[in-house]
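# Observations on the three-dimensional arrangement
Here is what each chain is made of, one letter per residue.
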Amino acid sequence: MEIQERYQTINLTEFSFTFLSNISDDNIIDLFIHSSHFTNESLLDIVRNNPGGLFLKQAFDMEHTKVADFKKYSKGETTKFLVDFVNEPNWGGDRGDFVKLLDRYFLIHSQLNDAVFYVISKDWFVEGDSRVLHAEYMVYIYYFLIIHIDRSSATLLVTEWTYD
(Lines give C-alpha, C1' and ligand atoms only; values in the text may rest on other atoms or scores of the structure.)
Protein backbone atom coordinates (compact mmCIF):
# COMPACT_ATOMS: atom_id res chain seq x y z
CA MET A 1 0.00 0.00 0.00
CA GLU A 2 1.26 3.46 -0.84
CA ILE A 3 0.24 6.68 0.85
CA GLN A 4 1.21 9.85 -1.02
CA GLU A 5 1.12 13.58 -0.54
CA ARG A 6 2.66 15.26 -3.57
CA TYR A 7 6.33 14.16 -3.60
CA GLN A 8 6.26 12.45 -0.21
CA THR A 9 5.37 8.77 0.04
CA ILE A 10 5.03 6.02 2.59
CA ASN A 11 5.25 2.57 1.03
CA LEU A 12 3.88 -0.13 3.34
CA THR A 13 4.60 -3.78 2.64
CA GLU A 14 3.65 -6.65 4.93
CA PHE A 15 5.54 -9.94 4.85
CA SER A 16 4.62 -13.24 6.46
CA PHE A 17 7.45 -15.20 8.04
CA THR A 18 8.10 -18.37 9.94
CA PHE A 19 11.13 -18.56 12.20
CA LEU A 20 12.04 -20.75 15.09
CA SER A 21 11.36 -19.09 18.41
CA ASN A 22 15.04 -19.13 19.39
CA ILE A 23 16.03 -16.83 16.49
CA SER A 24 16.43 -13.26 17.73
CA ASP A 25 14.66 -10.26 16.23
CA ASP A 26 18.08 -8.93 15.16
CA ASN A 27 18.76 -12.13 13.21
CA ILE A 28 15.33 -11.95 11.58
CA ILE A 29 15.95 -8.36 10.46
CA ASP A 30 19.46 -9.15 9.26
CA LEU A 31 18.24 -12.10 7.18
CA PHE A 32 15.31 -10.07 5.86
CA ILE A 33 17.19 -6.93 4.76
CA HIS A 34 19.66 -9.08 2.84
CA SER A 35 16.94 -11.12 1.12
CA SER A 36 15.40 -10.68 -2.31
CA HIS A 37 12.03 -10.28 -0.58
CA PHE A 38 13.19 -6.98 0.84
CA THR A 39 15.09 -5.71 -2.18
CA ASN A 40 12.45 -6.69 -4.75
CA GLU A 41 9.04 -7.04 -3.13
CA SER A 42 9.02 -3.93 -0.96
CA LEU A 43 9.80 -1.50 -3.78
CA LEU A 44 7.44 1.28 -4.74
CA ASP A 45 4.90 0.08 -7.31
CA ILE A 46 6.32 2.35 -10.02
CA VAL A 47 9.84 0.94 -9.48
CA ARG A 48 8.71 -2.70 -9.34
CA ASN A 49 6.51 -2.32 -12.43
CA ASN A 50 9.25 -0.56 -14.48
CA PRO A 51 12.46 -2.47 -13.65
CA GLY A 52 14.57 -0.66 -16.25
CA GLY A 53 13.09 2.76 -15.55
CA LEU A 54 14.85 5.79 -14.17
CA PHE A 55 12.99 5.74 -10.88
CA LEU A 56 14.56 6.16 -7.47
CA LYS A 57 15.44 2.95 -5.71
CA GLN A 58 15.88 2.20 -2.04
CA ALA A 59 18.49 4.57 -0.63
CA PHE A 60 20.43 2.00 1.39
CA ASP A 61 22.98 -0.36 -0.10
CA MET A 62 22.09 -3.50 1.81
CA GLU A 63 25.38 -5.17 0.92
CA HIS A 64 27.00 -2.65 3.27
CA THR A 65 24.14 -2.18 5.72
CA LYS A 66 23.62 -4.42 8.72
CA VAL A 67 21.12 -4.70 11.53
CA ALA A 68 23.47 -2.78 13.85
CA ASP A 69 22.92 0.30 11.65
CA PHE A 70 19.26 0.34 12.70
CA LYS A 71 18.04 1.78 15.98
CA LYS A 72 15.68 -0.45 17.94
CA TYR A 73 12.69 1.49 19.26
CA SER A 74 9.56 0.70 21.18
CA LYS A 75 6.23 1.82 19.76
CA GLY A 76 6.41 5.00 21.87
CA GLU A 77 10.00 5.72 20.82
CA THR A 78 9.01 5.27 17.18
CA THR A 79 6.17 7.74 17.68
CA LYS A 80 8.64 10.17 19.27
CA PHE A 81 11.07 9.76 16.35
CA LEU A 82 8.28 10.70 13.91
CA VAL A 83 6.98 13.59 16.01
CA ASP A 84 10.52 14.94 16.47
CA PHE A 85 11.03 14.63 12.71
CA VAL A 86 7.90 16.61 11.88
CA ASN A 87 8.91 19.28 14.41
CA GLU A 88 12.34 19.92 12.87
CA PRO A 89 12.67 23.60 11.91
CA ASN A 90 13.63 23.40 8.21
CA TRP A 91 10.39 22.19 6.66
CA GLY A 92 9.03 25.20 4.88
CA GLY A 93 5.75 24.58 3.05
CA ASP A 94 6.29 20.82 2.80
CA ARG A 95 5.65 20.17 6.48
CA GLY A 96 1.88 20.09 5.93
CA ASP A 97 2.19 17.21 3.48
CA PHE A 98 4.28 15.25 5.98
CA VAL A 99 1.70 15.91 8.70
CA LYS A 100 -0.99 14.45 6.43
CA LEU A 101 1.16 11.34 5.82
CA LEU A 102 1.90 11.06 9.51
CA ASP A 103 -1.77 11.27 10.48
CA ARG A 104 -2.62 8.48 8.06
CA TYR A 105 0.30 6.37 9.25
CA PHE A 106 -0.62 6.84 12.91
CA LEU A 107 -3.99 5.20 12.18
CA ILE A 108 -2.01 2.07 11.22
CA HIS A 109 0.69 2.52 13.88
CA SER A 110 -1.92 2.68 16.65
CA GLN A 111 -3.06 -0.84 15.74
CA LEU A 112 0.42 -2.38 15.92
CA ASN A 113 1.60 -4.14 19.03
CA ASP A 114 4.45 -2.79 21.13
CA ALA A 115 7.02 -5.20 19.74
CA VAL A 116 10.31 -3.90 18.44
CA PHE A 117 10.55 -1.34 15.63
CA TYR A 118 13.79 -1.10 13.64
CA VAL A 119 14.45 2.39 12.28
CA ILE A 120 17.15 3.67 9.93
CA SER A 121 17.38 7.14 8.38
CA LYS A 122 19.49 8.54 5.56
CA ASP A 123 20.07 11.58 7.77
CA TRP A 124 22.19 9.50 10.17
CA PHE A 125 24.89 9.04 7.52
CA VAL A 126 27.22 11.44 5.75
CA GLU A 127 27.40 11.73 1.99
CA GLY A 128 29.79 9.12 0.61
CA ASP A 129 29.04 6.51 3.29
CA SER A 130 28.99 3.09 1.61
CA ARG A 131 25.69 2.22 3.29
CA VAL A 132 23.82 4.92 1.36
CA LEU A 133 23.63 4.89 -2.43
CA HIS A 134 25.15 8.11 -3.76
CA ALA A 135 22.49 9.11 -6.30
CA GLU A 136 19.66 8.46 -3.88
CA TYR A 137 21.50 10.30 -1.12
CA MET A 138 21.63 13.38 -3.30
CA VAL A 139 18.02 13.23 -4.50
CA TYR A 140 16.01 12.20 -1.45
CA ILE A 141 15.24 15.06 0.90
CA TYR A 142 14.46 12.42 3.51
CA TYR A 143 14.49 8.66 3.40
CA PHE A 144 13.96 6.29 6.28
CA LEU A 145 12.71 2.80 6.97
CA ILE A 146 10.68 1.50 9.87
CA ILE A 147 10.42 -2.28 10.14
CA HIS A 148 8.02 -3.72 12.72
CA ILE A 149 8.22 -7.35 13.81
CA ASP A 150 5.07 -9.01 15.13
CA ARG A 151 5.91 -12.53 16.19
CA SER A 152 2.35 -13.25 17.33
CA SER A 153 1.00 -12.82 13.80
CA ALA A 154 4.31 -13.84 12.15
CA THR A 155 4.53 -10.62 10.12
CA LEU A 156 7.04 -7.94 9.28
CA LEU A 157 5.69 -4.54 8.29
CA VAL A 158 8.11 -2.44 6.27
CA THR A 159 7.35 1.25 5.93
CA GLU A 160 9.59 3.15 3.55
CA TRP A 161 9.29 6.94 3.92
CA THR A 162 10.54 9.04 1.00
CA TYR A 163 10.54 12.60 -0.19
CA ASP A 164 12.14 13.33 -3.55
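Below, the structure is looked at part by part. What you see is a predicted model; the values in this text were computed from it and never measured.

## Here's the deal with unusual backbone geometry
Phi at Arg6 is positive, roughly 50 degrees, even though this residue is not glycine. Relative to the elements of secondary structure, Arg6 occurs in the loop between strand 1 (2-5) and strand 2 (8-16). Non-glycine residue Ala154 carries a positive phi angle of around 55 degrees.

## As for the pattern of salt bridges
The tally for this structure, following the rule as stated, stands at 7 salt bridges. Put simply, Asp97 and Arg6 hold a salt bridge, and the shortest N to O gap is 3.2 Å. Of the two residues, Asp97 sits in helix 5 (residues 95-109) while Arg6 sits in the loop between strand 1 and strand 2, which places them 91 residues apart along the sequence. Overall, Asp97 belongs to the buried group, its relative accessible area being 6%.

## Some points on helix 4 (residues 75-86)
For helix 4, built from 12 residues, the straight-helix expectation of 16 Å at 1.5 Å per residue is met to within 8% by its first-to-last C-alpha distance of 17 Å. Three or more residues of helix 4 are buried, namely Lys75, Thr78, Phe81, Leu82, Phe85 and Val86. Here the buried residues of helix 4 occupy an arc of 130 degrees about the axis, which is enough to place them on one side. Elements that come into contact with the buried residues of helix 4 comprise strand 3 (71-73), helix 5, strand 4 (117-121), strand 5 (142-150) and strand 6 (155-163).

## Describing the sheet that holds strand 2
If you trace the 6 strands from one edge of the open sheet to the other, you get 1-2-6-5-4-3, paired in antiparallel fashion. Lying at the two open borders of the sheet, with one neighbouring strand each, are strand 1 and strand 3. Direction aside, neighbouring strands of the sheet carry axes that sit 15 degrees apart on average. Across 9 bridges, strand 2 lies against strand 6 in antiparallel orientation. For Thr13, the partnering residue across the bridge sits in strand 6 and is Val158.

## Observations regarding the nonpolar core
Formed by 24 residues in total, the largest nonpolar core has its most connected members in Ile147 and Leu156. Those elements that place two or more of their residues in this core are helix 1 (25-33), strand 4, strand 5 and strand 6. Residues contacting Ile147, with those up to four places away along its chain left out, are Ile29, Phe32, Ile33, Phe70, Val116, Phe117, Tyr118, Leu156, Leu157 and Val158. Ranked by size, the runner-up nonpolar core spans 22 residues in total, among them Ile3, Phe81, Leu82 and Leu112.

Thresholds, definitions, all that
- Within every chain, residues take consecutive numbers counted from 1 along the sequence as written.
- Only residues with pLDDT of at least 70 are given local features in this predicted model, and only at 80 or more are side-chain atom pairs given and counted; all residues enter the totals for whole chains, interfaces and linings.
- Working from all heavy atoms in the structure, the side-chain values ignore hydrogens and water.
- Only DSSP runs of H or I reaching four residues or more are called helices, and only runs of E reaching two or more are called strands; each is numbered from the N terminus.
- The working definition used for a salt bridge is a side-chain nitrogen of Lys or Arg within 4 Å of a carboxyl oxygen of Asp or Glu.
- Whether a residue is buried, partly exposed or exposed follows from its accessible area with a 1.4 Å probe, protein chains only, as a fraction of its type maximum: under 20%, in between, or over 50%, in that order.
- Helices are assigned an expected span. That span is 1.5 Å times one less than the residue count.
- Note: the arc covers the axis-to-C-beta directions of the helix.
- Residues count as neighbours in contact if any of their non-hydrogen atoms are within 4.5 Å of one another.
- Paired strands, as defined in this entry, are two strands with at least two bridges between them according to DSSP.
- For helices, the fitted line uses only the C-alpha atoms of the stretch in contact; every axis is such a line through C-alpha atoms, and the angle between N-to-C directions lies from 0 to 180 degrees.
- Buried residues of nine kinds, namely Ala, Val, Leu, Ile, Met, Phe, Trp, Tyr and Cys, make up a nonpolar core once their side-chain atoms join them within 4.5 Å.

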